[in-house]
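Next come the chains, spelled out residue by residue.
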Amino acid sequence: EDKVVQSPLSLVVHEGDTVTLNCSYEVTNFRSLLWYKQEKKAPTFLFMLTSSGIEKKSGRLSSILDKKELFSILNITATQTGDSAIYLCAERDFGNEKLTFGTGTRLTIIP
Amino acid sequence: GAVVSQHPSWVICKSGTSVKIECRSLDFQATTMFWYRQFPKQSLMLMATSNEGSKATYEQGVEKDKFLINHASLTLSTLTVTSAHPEDSSFYICSARQGQLYEQYFGPGTRLTVT
């Protein structure tokens, strides 16, 4: 059974800090790793990672995948209160294309 | 582009009744739609995958007779929770995908409360 584990489960930091969120996976038919941000409603897409070692960047957020060690990290620099959310990573299978989500990391930014 | 809507956004129903949730892709044709359930402080769990015009594929442990899924057109899928019980209270989220090369786009979710 495919498994995606995120750490930490929750994180509280002050505005301006940099955070690193972790995602490890054990899957049989890996296609890609996706990161989402969820604020009270449905997740919004952040990144999709398919190749190892290539950093994806969007503003203060960046992410990278290590397919050898089976993990990904999501970095957020100069955090703002609007970054407070649950961050989900998900693995996407080949073939059936279904997403298996991790448990999520609840990030709280204190002003 | 790539907007997915759900209706209703929240619903309260009595135990034993059935409730239908709609998922629509507003500006694209969704060949595949996915239904997820999320309990408080837990992650999204895939319930079923539905392809337009064919029967849904349910994940292990999800009762197909209780959670009826219909994907009759390329822009609409429905999830009917039959004979709802309080333990079915959850946040139900759908996602839609235009094709295998495309991303899944999530709807805003439906919060179901069964009293």
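Computed from a prediction, not measured in an experiment: that's the story for all the values here.

Engineer: Would you explain the environment of Glu 91 of chain A in this entry?
Structural biologist: All names here are of chain A. Looking at where Glu 91 falls in the secondary structure, it is placed in strand 9 (residues 85-93). Taking the relative accessible area as the measure of exposure, Glu 91 reaches 0% and is therefore buried. Considered as a pair, Glu 91 and Leu 33 are 58 residues apart in the sequence and their alpha carbons are 4.6 Å apart. Excluding anything up to four places from it in sequence, Glu 91 contacts Asp 2, Val 4, Val 27, Asn 29, Phe 30, Arg 31, Ser 32, Leu 33, Lys 98, Leu 99 and Thr 100. Within the local environment of Glu 91, its side chain forms a polar contact with the backbone nitrogen of Asp 93, the two atoms lying 3.3 Å apart.

Engineer: For this particular structure, what's the right way to read the state of the cysteines?
Structural biologist: Here, the word disulfide means a covalent bond between the sulfur atoms of two cysteines. All names here are of chain B. What the rule picks out here adds up to two disulfides over all chains. The disulfide that involves Cys 23 links it to Cys 94, with 2.0 Å between the sulfurs. On the sign convention where negative means left-handed, the S-S torsion of about 80 degrees between Cys 23 and Cys 94 marks this disulfide as right-handed. Here Cys 23 is found in strand 3 (residues 19-25), whereas its partner Cys 94 is found in strand 9 (residues 90-97), with 71 residues between them in sequence. Taking relative accessible area as the criterion, Cys 23 reaches 0% and is therefore assigned buried. Counting only cysteine sulfurs, Cys 94 is the nearest neighbor of Cys 13, a cysteine outside any disulfide, at a range of 18 Å.

Engineer: Would you mind showing me how to read the pattern of salt bridges here?
Structural biologist: Pairing is possible between side chains of opposite charge, provided their charged atoms come close. Residues and elements named next belong to chain A. Per the counting criterion, the structure on display carries five salt bridges over all chains. Asp 83 is the salt-bridge partner of Arg 60, the closest N and O atoms lying 2.8 Å from each other. Here the residue Arg 60 occupies a position in the loop between strand 6 (56-58) and strand 7 (61-66), and Asp 83 occupies one in the loop between strand 8 (71-76) and strand 9, the gap between them amounting to 23 residues. A residue is classified by how much of its surface remains accessible, and Asp 83, at 5% relative accessible area, is buried.

Engineer: How should the environment of Ile 64 of chain A be read in this particular structure?
Structural biologist: Residue and element names in this part refer to chain A. As for its position among the elements, Ile 64 is in strand 7. The partly exposed category is assigned to Ile 64, whose relative accessible area is 28%. The spacing of Ile 64 and Met 48 is 16 residues in sequence and 9.5 Å in space, taken between C-alpha atoms. With residues up to four places along the chain from it excluded, the contact list for Ile 64 reads Leu 49, Gly 53, Ile 54, Glu 55, Phe 71, Ser 72 and Ile 73.

Cut-offs applied
- Residues numbered from 1 in each chain as written.
- Chains lettered and ligands numbered in written order.
- Predicted model: local features only at pLDDT ≥ 70, side-chain atom pairs only at ≥ 80, totals over all residues.
- Heavy atoms only, no water.
- Helix = DSSP H or I, 4+ residues; strand = E, 2+ residues; numbered from the N terminus.
- Buried < 20%, exposed > 50% of the residue type's maximum accessible area, 1.4 Å probe, protein only.
- Contact = heavy atoms within 4.5 Å.
- Polar contact = N/O pair within 3.5 Å; in protein donor to acceptor, adjacent residues only side chain to side chain.
- Disulfide = S-S within 2.5 Å.
- Salt bridge = Lys/Arg side-chain N within 4 Å of Asp/Glu carboxyl O.

Geometry only, nothing functional implied.
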